[in-house]
Amino acid sequence: MKLLYKCNTGYDMARPQTDIDAGRSALLEVVDDLVRKRGAVDISMTDLAAAAGMSPSNLYRFFDNKEALLEAVAERFFAEKVRIMVEVTESDLPVREKMYQYFARRYLAMVDQYEAEPDLLKSYLEIGQQYFEVVRGYVDLGDHYLSLIVAEAMEQGYFEGLSIDETVSLINQMVQCYTNPDALFFVGPVKLRVEKLATIVETIFRGLGKESSAQTLALPHIRIVS
């Protein structure tokens, strides 16, 4: 499989449409600077107002509360990946190529973030763990778009005997190294090449189905030796 598109680097957002949008975008840049300087330390509204050179009351013109700020940070962080998911699932690509592009393009976007500013990415990952409830919606959104691809594949006869949820769960486990940003820090992009991902996706289409799911391997017998 050939990758048709490589993501842009950075965290580009849609062009601001109002002064409020422009102000929010500028404040999110300030958040980036604070995270660069302080790491994953919790950032209060007071901290952000001081760093931006404005009063706390003025800051609330742009973000109603800390939760709204965190949601905006998450939206910005995932914006490129969401754009990719929508674009790929709505494309006319063959379903195998569509699934490959779905994972490969998001992975390359993640690599761009990693190579541009690894420390910033690591800090944002730690912040995401602290506020996982804010991030959870984007995880679920990824499963939603993957379900659309799986459903399309099922219409063509793939994954026979499995439900959509079962198939999505199995696929996520198989490609976990390419969807979990932490893998870039532990394994590195040199080893996690998209060529390997193409082989994994091809194996998924060849191997997942009624026949393979019926072949349950025996659990290993584990003996604890004291």
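1. Some details on the overall build of the protein chain
Helix and strand counts for the protein chain come out as 12 helices and 0 strands. The buried share of the protein chain, reckoned over its 226 residues, is 38%. A sequence separation of at least 24 residues applies to 72% of the contacts in the protein chain between residues at least 6 apart. Total accessible area on the protein chain stands at roughly 13200 Å², and carbon and sulfur atoms take up 53% of it.

2. Concerning the pattern of salt bridges
Under the definition given, this model contains 15 salt bridges. With a closest N to O distance of 2.9 Å, Asp-32 and Arg-76 form a salt bridge. Of this pair, Asp-32 sits in helix H1 (residues 19-38) while Arg-76 sits in helix H4 (residues 66-89), and the two are 44 residues apart along the sequence. The pair Asp-32 / Arg-76 is uniform in exposure class, with both members buried.

3. Looking at the environment of Tyr-114
When you line up the elements, Tyr-114 lands in helix H5 (residues 95-116). Separated by 74 residues in sequence, Tyr-114 and Gly-188 place their C-alpha atoms 9.6 Å apart.

4. Observations regarding the packing of aromatic side chains
Counted under the stated rule, the structure contains 9 aromatic pairs. Taking the centre distance of 5.1 Å and the plane angle of 80° together, the rings of Phe-77 and Phe-78 count as edge-to-face. As far as burial versus exposure is concerned, Phe-77 and Phe-78 are alike and both buried. Centre to centre, the rings of Tyr-102 and Phe-103 are 5.1 Å apart; their planes meet at 80°, and the pair counts as edge-to-face. Residue classification places Phe-103 among the buried residues on the basis of a relative accessible area of 1%. Chaining the aromatic ring pairs together yields one cluster made of Phe-77, Phe-78, Tyr-124 and Tyr-138. One residue, Lys-81, lies across the ring of Phe-77, its end atom 5.0 Å from the ring centre. Just above the ring of Tyr-102 sits the side chain of Arg-106; from NZ or CZ to the centre is 4.2 Å.

5. Here's the deal with unusual backbone geometry
Positive phi outside glycine occurs at Phe-159, with the angle close to 60°. Within the secondary structure, Phe-159 is located in the loop between helix H7 (132-155) and helix H8 (164-174).

Cut-offs applied
Residues numbered from 1 in each chain as written. Predicted model: local features only at pLDDT ≥ 70, side-chain atom pairs only at ≥ 80, totals over all residues. Heavy atoms only, no water. Helix = DSSP H or I, 4+ residues; strand = E, 2+ residues; numbered from the N terminus. Buried < 20%, exposed > 50% of the residue type's maximum accessible area, 1.4 Å probe, protein only. Contact = heavy atoms within 4.5 Å. Areas by Shrake-Rupley, 256 points an atom, 1.4 Å probe, with all protein chains shown as cover. Salt bridge = Lys/Arg side-chain N within 4 Å of Asp/Glu carboxyl O. Phe/Tyr/Trp six-rings, centres within 6.5 Å; stacked < 30°, edge-to-face > 60°. Lys NZ or Arg CZ within 6 Å of the ring centre and 35° of its normal.

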